[in-house]
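Secondary and tertiary structure notes
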Amino acid sequence: MAANVQDAIMLLGDSLTQGGYDLNGFVAKLAHVYNRKMDVINRGFSGYNTDWILPVFEQCFATQHEQQHVPKIRLLVIWFGANDAAPPPKPQHVPLDRFRANLRKLIWMVRAPESPHYSPETRIILMTPPPVNTAQRERAQLAKSPPKELDREFETTRRYAEAAKEVGKAESVPVVDLWENLYEAAGREEEKLEDFLTDGLHLNEKGYAIVFEGLEKTIKDAYPEYHYDNLQSVFISFDLIAENPDKYMELTKKRSAFAHS
């Protein structure tokens, strides 16, 4: 079992988060820039919606009693909506009002003192679902064996992105507007979203680059004390040890990433 030496960033989401290590994705980039400063925990669950993630989050996020024994979650990034926006009667569909309520519940679980999972040092960021390319998605679905029907709609997913922004505003939680960022990158033309998507729904390397850029900027603007440029390595650089080799036992003691010497 790994010892608890570094605080962490937790990424909570669906397949867009689970796949964030693929294709030089945003999770891989985040882990790289926070290396030796904070660990990045990927809690992405392919196919999940906000209904299904609530009981999972209760198991993934430590209770107040447990928190003293596990890495402290300094930053929680919540990214849902892509599956909630599936049209009914798809089992993944979550009505818009309940989607909003579920996002608020996730925030409440971390922020409310009466919550068993209350974590006052955890900062939260919401991310909107990205836009879908309906034509590209339909082709991808028809190419499956057996062929499947279209399961996402451009305008419906836009409404879920708007809902995520509404929750962020109401709860004073910063939001990465990936819908707007990707749609703008595509020249505000749905068909050009194909440059950023693999199958009309999931992101390719160019799409994930926009995710990382938006998340990094939001951390810098909203929580600068948690930005990687403002943190120090928990264990010092080897060259400092090399300068004082006789003191290596003292020099290699862990230190807080948040306390610059």
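Just so we're clear, the structure is a prediction, and the values are computed from it rather than from any experiment. (Residues numbered from 1 in each chain as written. Predicted model: local features only at pLDDT ≥ 70, side-chain atom pairs only at ≥ 80, totals over all residues. Heavy atoms only, no water.)

With that settled, the discussion passes to the overall build of the protein chain. When helices and strands are counted, the protein chain shows 10 helices and five strands. For the protein chain, the C-alpha radius of gyration of 20 Å lies close to 18 Å, the compact-globule estimate for 261 residues. When the backbone C-alpha atoms are referred to their principal axes, the protein chain occupies close to 65 × 40 × 35 Å. Expressed as a percentage of its 261 residues, the buried residues of the protein chain come to 48%. A separation threshold of at least 6 residues defines the contact pool for the protein chain, and within that pool the share at least 24 residues apart is 74%. For the protein chain, the exposed area adds up to about 12900 Å²; of that, 52% sits on carbon and sulfur atoms. The average position of the 31 basic charges and that of the 38 acidic charges among the side chains of the protein chain differ by 3 Å. (Helix = DSSP H or I, 4+ residues; strand = E, 2+ residues; numbered from the N terminus. Rg over C-alpha atoms; globule rule 2.2 N^0.38 Å. Buried < 20%, exposed > 50% of the residue type's maximum accessible area, 1.4 Å probe, protein only. Contact = heavy atoms within 4.5 Å. Areas by Shrake-Rupley, 256 points an atom, 1.4 Å probe, with all protein chains shown as cover. Lys, Arg positive; Asp, Glu negative; His and termini not counted. Charge placed at Lys NZ, Arg CZ, Asp CG, Glu CD.)

Considered as a void within the structure, the largest pocket measures approximately 320 Å³ in volume. Along the walls of the largest pocket sit 18 residues, with Ala62, Gln67, Val70, Pro71 and Ile73 positioned nearest its centre. Of the residues in the lining of the largest pocket, the class split is 10 nonpolar, four polar and four charged. (1 Å grid on protein atoms, 1.4 Å probe; cavity = no way out; pocket = protein on both sides within 12 Å on 5 of 7 lines; lining within 4 Å. Points joined across faces, edges and corners; volume = space filled by probe spheres on them. Nonpolar A, V, L, I, M, F, W, Y, C, P; charged D, E, K, R; others polar.)

Next up on the list: the sheet that holds strand 1 (residues 8–13). Note: strands within a sheet are paired through backbone hydrogen bonds, in either parallel or antiparallel orientation. Pairing in this open sheet of five strands is parallel, and the strands run 2-1-3-4-5 from one edge to the other. Every interior strand has two partners, whereas the edge strands, strand 2 (39–44) and strand 5 (175–176), have only one. Sheet topology places strand 1 next to strand 2; six bridges connect them, and they run parallel. By the bridge assignment for strand 2, Leu12 is matched with Arg43. (Pairing = 2+ DSSP bridges.)

Time to look at the packing of aromatic side chains. Summed over the entire model, instances satisfying the criterion amount to 11 aromatic pairs. On the numbers, 6.2 Å between centres and 90° between planes, the contact of Tyr48 with Trp52 is edge-to-face. Their ring planes at 65° and their centres at 5.4 Å tell us that Tyr226 and Phe258 sit as a pair that is edge-to-face. Taken together, the residues span a long stretch of sequence, with Tyr226 in the loop between helix 8 (205–222) and helix 9 (238–243) and Phe258 in the segment after helix 10 (248–251) at a distance of 32 residues. On the basis of relative accessible area, Tyr226 is assigned to the buried category, the value being 4%. Residue Phe258 is classed as partly exposed on the basis of its relative accessible area of 26%. Among the aromatic residues, those joined into a cluster by ring pairs are Phe26, Trp79 and Tyr208. Its end group placed over the ring of Phe196, Lys206 keeps NZ or CZ at 5.1 Å from the ring centre. (Phe/Tyr/Trp six-rings, centres within 6.5 Å; stacked < 30°, edge-to-face > 60°. Lys NZ or Arg CZ within 6 Å of the ring centre and 35° of its normal.)

Moving on: the environment of Tyr228. By secondary structure assignment, the location of Tyr228 is in the loop between helix 8 and helix 9. For the pair Tyr228 and Ala257, spaced 29 residues apart in sequence, the C-alpha separation works out to 9.4 Å. The contacts of Tyr228, once residues within four sequence positions are left out, are Val33, Tyr34, Lys37 and Glu216.

The next subject is the pattern of salt bridges. Taken as a whole and assessed by the stated rule, the structure comprises 18 salt bridges. Between Arg137 and Asp151 there is a salt bridge whose closest N-O contact spans 2.9 Å. With Arg137 in helix 5 (residues 134–142) and Asp151 in the loop between helix 5 and helix 6 (154–171), this residue pair connects regions lying 14 residues apart in the sequence. Judged on exposure class, the residue Arg137 and its partner Asp151 are both buried. A salt bridge links Lys192 to Glu189; the shortest N-O distance between them is 3.5 Å. Lys192 gets classed as partly exposed once you look at its relative accessible area, which sits at 40%. Among the charged side chains, a network of salt bridges with common partners joins Asp7, Lys72, Arg74 and Glu121. (Salt bridge = Lys/Arg side-chain N within 4 Å of Asp/Glu carboxyl O.)

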